[in-house]
Amino acid sequence: MNPNDHSLQLFVEHVTHIDCGVLDAEAGLRGATWLVDATLTGRRGEDGMLFDFGPAKRLLKAEIDALVDHRLLVPARAPGATIDGYRIDFTTRSGDRYRYVGPASATTVFDTAAIEPRALARWLEERVGPKLPANVEALKIDLRAESISDAAYDYTHGLAAHDGNCQRLAHGHRCRLAVTIDGVARADIAQAWAKAWQGVFIGHRADLTTPADAERLGFGYSAPQGEFALDIAAARCVLLDGPPTVENIADHIAGELAARHPGHLVAVRAYEGVGKGAIATRSHAARA
């Protein structure tokens, strides 16, 4: 009997993570980050392996990232969704409205009423599974949110000058946030800030196509991948004087908090998705 004849499983935890924007009939435009775990079922080859970890990780990451990472995920059967070519109009059940324009490379449209992690995982399995070697009989994908016990918020943005996929308008992230004042952790301040910024779109003033004080704000720019535009309620937006990079986001928060705590050193540790981010420190002189 060939010892390689029976099936076994190979698992790869956190093979990649997906940073994306999601349109939701209840919550509107939100940022999301999911860690991706994969389990492969099949039979070993003559080398005793089901699939070498290095090639397996590279293939899985490349295929999954190409399908959904740094994209806006759109549920086409949501009651308020209208898709006309590259233009997407979306209205939530509460009447919150969005209009998005972008190239096909920046969106993934699903024939569903909502973007649910389990259904998204099954969708990925159907498309990535056939790319695996013939001895791999099945692929199981699990999506999970990063476990965050302290402050966390989600946001969407787009970086017009970025030469990679961050240029895609309305992609997003779910992120940790930490704040210290004079070296002392202030979870209360971080939590309050995260609550206030939950679900915001962070935009660059230079990308505005409407007056900054309008009730609805328009953003638009031309990037290497195409033309992008977003129309969104001003109440959902945070405006920065520079591009909404994580460096500028951290510095903006630190500056705002330093102004509220004059005479103290404020440090902000802001994440962009999982395991990466920026630290900004600021202090404002106390009044004489």
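Below, the structure is looked at part by part. All of these numbers come straight from a predicted model, not from anything done at the bench. Every chain's residues receive numbers from 1 upward, in the order its sequence appears when written. Under the rules for a predicted model, residues below a pLDDT of 70 receive no local features and side-chain atom pairs below 80 are neither given nor counted, while totals for whole chains, interfaces and linings still include all residues. The basis for every side-chain value is the complete set of non-hydrogen atoms in the structure, without hydrogens or water.

Secondary structure elements follow DSSP: runs of H or I of four or more residues count as helices, runs of E of two or more count as strands, with numbering from the N terminus. Counting secondary structure elements, the protein chain contains 4 helices and 17 strands. The C-alpha extent of the protein chain, read off along each of the three principal axes, is 85 × 50 × 35 Å. Note on definitions: a residue-residue contact is assigned when non-hydrogen atoms from the two residues lie within 4.5 Å. Pairs at least 24 residues apart make up 67% of the contacts formed inside the protein chain by residues separated by at least 6 positions. On the protein chain, roughly 13,600 Å² of surface is accessible, and the fraction owed to carbon and sulfur atoms is 52%. Side chains of the protein chain give 31 positive and 37 negative charges; the mean places of these two sets differ by 3 Å. Per-residue and other accessible areas were derived by the Shrake-Rupley procedure at a 1.4 Å probe size, with only the shown protein chains allowed to occlude residues. Positive: Lys, Arg. Negative: Asp, Glu. His and the chain ends are not part of the count. Where a charge sits is defined by one atom per residue type, namely NZ (Lys), CZ (Arg), CG (Asp) or CD (Glu).

Another aspect to go through is the packing of helix α1 (residues 53-68) against helix α2 (residues 117-128). Between α1 and α2, whose axes approach to 11 Å, the crossing angle comes to 120°. When the axes of α1 and α2 are compared, the pair comes out oblique. Seen along the crossing, α1 lies across α2 with a hand that is right-handed. Packed against α1, whose contacting residues are Leu60, Glu63, Ile64, Leu67 and Val68, the element α2 presents Leu120, Trp123, Leu124, Arg127 and Val128 at the interface. Note on residue categories: nonpolar means Ala, Val, Leu, Ile, Met, Phe, Trp, Tyr, Cys or Pro, charged means Asp, Glu, Lys or Arg, and polar means any other residue, Gly included. Looking at the contact of α1 with α2 residue by residue, the classes come out as 8 nonpolar, no polar and 2 charged. Angles run from 0 to 180 degrees between N-to-C directions of axes, and those axes are lines fitted to C-alpha atoms, restricted for helices to the stretch in contact. When describing relative orientation, an angle under 35 degrees is termed roughly parallel and one over 145 degrees roughly antiparallel, while 65 to 115 degrees is termed roughly perpendicular and anything else oblique. For any helix crossing, the convention is left-handed if the near helix is rotated counterclockwise from the far helix by under a right angle, and right-handed if that rotation is clockwise.

The subject of this paragraph is the environment of Leu257. Within the secondary structure, Leu257 is located in helix α4 (residues 246-260). Setting aside residues up to four positions removed in sequence, Leu257 forms contacts with Val179, Ile189, Trp193, Val266 and Val268.

Sheet strands line up and pair through hydrogen bonds in the backbone, either parallel or antiparallel. A pair of strands counts as paired when DSSP detects no fewer than two bridges linking them. The strand order across the open sheet formed by 5 strands is β7-β3-β1-β2-β8, and the pairing between neighbours is mixed. The two strands at the open ends of the sheet, each matched to only one other strand, are β7 (107-110) and β8 (136-144). With strand direction ignored, the average angle separating the axes of adjacent strands in the sheet is 35°. Pairing geometry for strand β1 (residues 8-24) and strand β2 (residues 28-42), over 14 bridges, is antiparallel. Looking across to β2, one finds that Thr16 is bridged to Val36. Lying on the sheet, α2 is in contact with β1, β2, β3 (72-75), β7 and β8; it crosses β8 at an angle near 150°.

We define the nonpolar core as a collection of buried residues of types Ala, Val, Leu, Ile, Met, Phe, Trp, Tyr and Cys that are connected through side-chain atoms lying within 4.5 Å of one another. Working definition: with a 1.4 Å probe on protein chains only, accessible area under 20% of the residue-type maximum means buried, over 50% means exposed, and in between means partly exposed. Within the largest apolar cluster, 30 residues are counted, with the highest numbers of intra-cluster contacts made by Trp34, Leu40, Val68, Leu73 and Leu120. Every element with two or more residues in this core is listed here: β1, β2, α1, α2 and β8. If one sorts the elements of this core by residue count, β1 sits on top with 6 residues. Aside from chain neighbours lying at most four places away, what touches Leu40 is Leu8, Gln9, Leu10, Leu50, Phe51, Leu60, Leu132, Val136, Ala138 and Leu139. Membership of the second largest hydrophobic core comes to 29 residues, among which are Ala190, Ile249, Leu257 and Ala270.

In the Ramachandran plot, Ala170 falls in the positive-phi region, its phi being about 75° despite a non-glycine side chain. The residue Ala170 is located in the loop between β9 (152-157) and β10 (171-181) in this model. Using a relative accessible area of 0% as the deciding quantity, one classes Ala170 as buried. Of note, Asp182 is a non-glycine position whose phi angle comes to about 55°, a positive value. Secondary-structure assignment places Asp182 in the loop between β10 and β11 (184-185).

So, on to the pattern of salt bridges. Just to be clear on terms, a salt bridge is a Lys or Arg side-chain nitrogen sitting within 4 Å of an Asp or Glu carboxyl oxygen. Within the structure shown, the criterion is met by 20 salt bridges. Residue Arg144 is joined to Asp37 by a salt bridge in which the shortest nitrogen-to-oxygen separation is 2.6 Å. In this pair, Arg144 is assigned in strand β8 and Asp37 in strand β2, connecting sequence segments 107 residues apart. By relative accessible area, Arg144 is classed as partly exposed at 36%.

In this section: the pairing of β2. Among the 15 residues in β2, 14 count as buried, and that is most of the element. Strand direction decides the pairing type here: β2 and β8, joined by 8 bridges, are antiparallel. Pairing of Leu35 across the sheet is with Arg144, part of β8.

What follows deals with the environment of Asp231. With respect to the element layout, Asp231 can be found in strand β14 (residues 226-233). Given the relative accessible area of 24%, Asp231 is considered partly exposed. For the pair Asp231 and Thr210, spaced 21 residues apart in the sequence, the C-alpha separation amounts to 9.4 Å. Beyond its immediate chain neighbours, meaning those up to four positions away, Asp231 contacts Arg97, Tyr98, Arg99, Arg216, Leu217 and Gly218. Polar contacts involving the side chain of Asp231 include one to the side chain of Arg216, which spans 2.7 Å. Polar contact is the term for a pair of N or O atoms within 3.5 Å; when the atoms are in protein, one must be able to donate a hydrogen and the other to accept it, and sequence-neighboring residues count only if both atoms are side-chain atoms.

Everything listed here is a matter of coordinates, which is why it stays silent on function.
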